[in-house]
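# Coordinates in review
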Amino acid sequence: MSVLPLVFTSGWASGINAYAVVLLLGLFGATGVADDVPDALQRPDVLVVAGVLFLCEVAADKIPYVDSAWDAAHTVVRPVAGAVVAALLAGESGSLPELAAGALGGTTALISHLVKAGTRMAVNTSPEPFSNIGVSIVEDLGVAGVITFAVFHPVAAAVVAGTLLVLGVVLVLFLASRIRRFLRRRARRRAEKRPVAAGGGPPPG
C-alpha cells in the first residue's frame, strides 16, 4: 500500500505538534508496534530530544499568549518537521518519491499550523485561561489518537485528518474578526512598552 495516507496524516499532525509525531512514531517503531517507521526516528537521542521538546510544548501551549508566541516561533519548525518525517516515511517504503512526500507533508503541516495558530489567537481573546488549557488538551489527544490510528488504519486516519483540516480552515475563517482583534491588541501592547521620550526636544543650551 502507498505510504501517501500516512504522509498526509503525519503532515497534518506535525502542524499541530511536531514533537509528538516524532516521539510517537519513534516509540511505535522502537517497540515493534509499527514495522515501517524509519530507523532515524527510532534513535534514542532523537526520542530523548523529541520527548523533552514535547514536554516544553505541553507546558507552553496551555499558557495564554505564551502559546501564540510559541506558535510564531514554530512557523518554520513544524512545516520543516512535517516535510522531513514525510520524506523519511517515503524513503522507508519506496512507494512514493521522497521529494513529493516532503512537499506534501510540509505543505499539509504549514496549513495545519496556520489553522492551529489562528485558532489559538481567537481563543486568546477570551479573558479566562481555561479555554486555552481545554483546546490544548484536545489538540494533544487528537494528535496522539490520529497518529496511533494511522499506524493501523492509514487510509481511514487520512480521511479523519483531512476532515479536521477542512473544518479547521472553516473555523479560522469564521473567527477571523476575533483574530484581527487579538492582533490589534497585541500591537497596541507592544507600542505601550516602547520607551516614550519625555518632552518635545532637547533642553535649551
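Before reading further, recall that the structure is shown in the block above.
Just so it is clear, the model here is predicted, and its values are computed rather than measured.

Definitions and cut-offs
Residues numbered from 1 in each chain as written. Predicted model: local features only at pLDDT ≥ 70, side-chain atom pairs only at ≥ 80, totals over all residues. Heavy atoms only, no water. Helix = DSSP H or I, 4+ residues; strand = E, 2+ residues; numbered from the N terminus. Buried < 20%, exposed > 50% of the residue type's maximum accessible area, 1.4 Å probe, protein only. Contact = heavy atoms within 4.5 Å. Lys, Arg positive; Asp, Glu negative; His and termini not counted. Charge placed at Lys NZ, Arg CZ, Asp CG, Glu CD. Patch = residues over 30% accessible without salt bridge, like charges linked within 9 Å, V, L, I, M, F, W, Y side chains within 5 Å. Areas by Shrake-Rupley, 256 points an atom, 1.4 Å probe, with all protein chains shown as cover. Salt bridge = Lys/Arg side-chain N within 4 Å of Asp/Glu carboxyl O. Arc of directions from axis to C-beta. Core = buried A, V, L, I, M, F, W, Y, C linked by side-chain atoms within 4.5 Å.

If you tally the helices and strands in the protein chain, you get nine helices and zero strands. When the helices and strands of the protein chain are read in sequence order from the N terminus, they spell out α-α-α-α-α-α-α-α-α. Taking the principal axes of its C-alpha atoms as reference, the protein chain extends roughly 80 × 40 × 30 Å. Out of the 205 residues belonging to the protein chain, those deemed buried represent 42%. The contacts in the protein chain between residues at least 6 apart in sequence include a share of 74% that link residues at least 24 apart. Of the charged side chains in the protein chain, 16 are positive and 14 negative; the average position of the first set lies 19 Å away from that of the second.

A word on the environment of Gly-106. Within the fold, Gly-106 resides in helix H6 (residues 98-123). The spacing of Gly-106 and Ala-81 is 25 residues in sequence and 7.3 Å in space, taken between C-alpha atoms.

So, on to a nonpolar patch on the surface. Together, Phe-130, Ile-133, Ile-137 and Leu-141 give the surface a local cluster of nonpolar side chains, amounting to about 410 Å² of exposed area. Residue placement: Ile-133 occurs in helix H7 (residues 130-152).

Attention shifts here to the side chain of Thr-119. Within the secondary structure, Thr-119 sits in helix H6. Setting aside residues up to four positions removed in sequence, Thr-119 forms contacts with Leu-171 and Val-172.

This next bit is on unusual backbone geometry. Even without a glycine there, the phi angle at Tyr-65 is positive, about 75 degrees. Secondary-structure assignment places Tyr-65 in the loop between helix H3 (44-60) and helix H4 (66-73). In this structure Tyr-65 comes out as partly exposed when scored by relative accessible area, which is 32%.

Okay, H4 next. Asp-67, Ser-68, Trp-70 and Asp-71 are the residues of H4 that are buried. Angular distribution of buried residues about the axis of H4 spans 160 degrees; they occupy a single face of the element.

One finds Val-3, Val-7, Trp-12, Leu-25, Val-143 and Ile-147 to be the most contacted residues of the largest nonpolar core, which totals 30 residues. Those elements giving two or more residues to this core turn out to be helix H1 (4-30), H3, helix H5 (77-93), H7 and helix H8 (154-174). Among all residues touching Ile-147, those that are not within four sequence positions of it are Thr-9, Ser-10, Ala-13, Val-21, Leu-24, Leu-25 and Phe-28. Within the second largest apolar cluster, seven residues are counted, among which are Val-115, Ala-122, Leu-175 and Phe-182.

On the surface, Arg-178, Arg-180, Arg-181, Arg-184 and Arg-188 cluster together into a positively charged patch. Tracing the chain through its elements places Arg-184 in helix H9 (residues 176-193). Assessed through its relative accessible area of 52%, Arg-184 is described here as exposed.

Looking now at the environment of Ala-144. Following the sequence through the fold, Ala-144 ends up in helix H7. Given a relative accessible area of 28%, Ala-144 falls into the partly exposed group.

It is worth spelling out the pattern of salt bridges at this point. Here the structure, examined in full by the defined rule, presents nine salt bridges. A salt bridge links Arg-43 to Asp-45; its shortest N-O distance comes to 2.5 Å. With its nearest N and O atoms 3.1 Å apart, the salt bridge here joins Asp-61 to Lys-116. Here Asp-61 is found in the loop between H3 and H4, whereas its partner Lys-116 is found in helix H6, with 55 residues between them in sequence. The buried category is assigned to Asp-61, whose relative accessible area is 2%. Its relative accessible area of 3% is what places Lys-116 among the buried residues.

Bear in mind that shape data such as this cannot, by itself, settle questions of function.
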